[in-house]
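# A structural walkthrough
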Amino acid sequence: MRIGEKPEIARLPLFREMAEKQRDIVLSGSYLQVFPPQLTLFEAGQGADFLHVLVDGLVELFVEGNGRDTTMRIVEPVSSYILAAAVTDMPYLMSARTLASSRILLVPASQLRDAIREDAALMQATMNELALWSRDLVRALTDMKVRQSAERLGNYLLEYSNRMGNREQFELRGEKRLLASLLGMTPENLSRAFSTLKNHGVALDGAQVTIANRERLSRLARPDLVPTDPR
């Protein structure tokens, strides 16, 4: 990592509260690299040699089975991903690939584990990120079990809007087939779900979504009683 890049990385949520000496040790063996789109970063079953932190770009986490891929999560910056594998020194349970040109910090997992043992602030930040991932998993499972296709899509759009400051108009990132896979439906079912949402205050123009009637959409999607966790 170049010296000029360290201040930017030091401000990332995982590292900003830790002792400067420990942070310097961790970052001394880290790499900040730019990867092209559609590059596989690692595959399920591989050893977790690095913690990945997405600084810019877009990354898909996916699993393979029965000859097809299923999107598990679309990672947006700034976020670490598969922290659990790096902390426990266990194989990745998911594969990862870039969806766009992406700038990614690679932190040696062994150095990260050593630093966690020495630095209470880093340990707290690690626990916080793991807890948020666990809560996200519960939300995803709840979504699959209690909502139909159009309701899942509506809830996703409401949460996406909330993360962007309750904007009524926004652009979806990534291809629609990825969104369909993420929500556990086929592209055809996603298209039908968007058609259903037209009657509930949603308009789609290419990748641009407009929520014209948030109240009507909320009645269909039945958002979670507990708001999405702040990041």
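Residues numbered from 1 in each chain as written. Predicted model: local features only at pLDDT ≥ 70, side-chain atom pairs only at ≥ 80, totals over all residues. Heavy atoms only, no water.

## Regarding the overall build of the protein chain
Across its full length, the protein chain carries nine helices and eleven strands. A compact globule built from 231 residues would reach a C-alpha radius of gyration of about 17 Å, and the protein chain, at 19 Å, matches this within 12%. On the principal axes, the C-alpha backbone points of the protein chain span a range of 55 × 35 × 30 Å. Residue pairs in contact within the protein chain that sit at least 24 positions apart in sequence constitute 74% of those at least 6 positions apart. Distance between charge centres in the protein chain, computed from 29 positive and 29 negative side chains, equals 5 Å. (Helix = DSSP H or I, 4+ residues; strand = E, 2+ residues; numbered from the N terminus. Rg over C-alpha atoms; globule rule 2.2 N^0.38 Å. Contact = heavy atoms within 4.5 Å. Lys, Arg positive; Asp, Glu negative; His and termini not counted. Charge placed at Lys NZ, Arg CZ, Asp CG, Glu CD.)

## Things to note about helix α4 (residues 109-118)
Since there are 3.6 residues in each turn of an α-helix, residues three or four apart along the chain are aligned in direction. Buried within α4 are the following residues: Ala109, Leu112, Arg113, Ala115 and Ile116. The buried residues of α4 occupy an angular sector of 165° when the element is viewed end-on, so they sit on one face. Turned more than 90 degrees off the buried face of α4, the exposed positions are Arg117 and Glu118. Residues of α4 that are buried make contact with α2 (20-28), β3 (50-56), α3 (83-88), β8 (102-108) and α5 (120-146). (Buried < 20%, exposed > 50% of the residue type's maximum accessible area, 1.4 Å probe, protein only. Arc of directions from axis to C-beta.)

## Points about the packing of aromatic side chains
Within this structure, the stated rule accounts for five aromatic pairs. Aromatic pair Tyr31 and Phe50: ring centres 6.4 Å apart, planes at 75°, arrangement edge-to-face. Of this pair, Tyr31 sits in strand β1 (residues 31-35) while Phe50 sits in strand β3, placing them 19 residues apart in sequence. You can call Tyr31 partly exposed: its relative accessible area is 42%. Every member of this aromatic cluster is reached through a ring pair, and the members are Phe42, Tyr81 and Tyr92. Here the basic side chain of Arg73 rests over the ring of Trp133, its NZ or CZ set 4.0 Å away from the ring centre. Over the aromatic face of Phe62 sits the side chain of Arg97, whose NZ or CZ is 3.7 Å from the ring centroid. (Phe/Tyr/Trp six-rings, centres within 6.5 Å; stacked < 30°, edge-to-face > 60°. Lys NZ or Arg CZ within 6 Å of the ring centre and 35° of its normal.)

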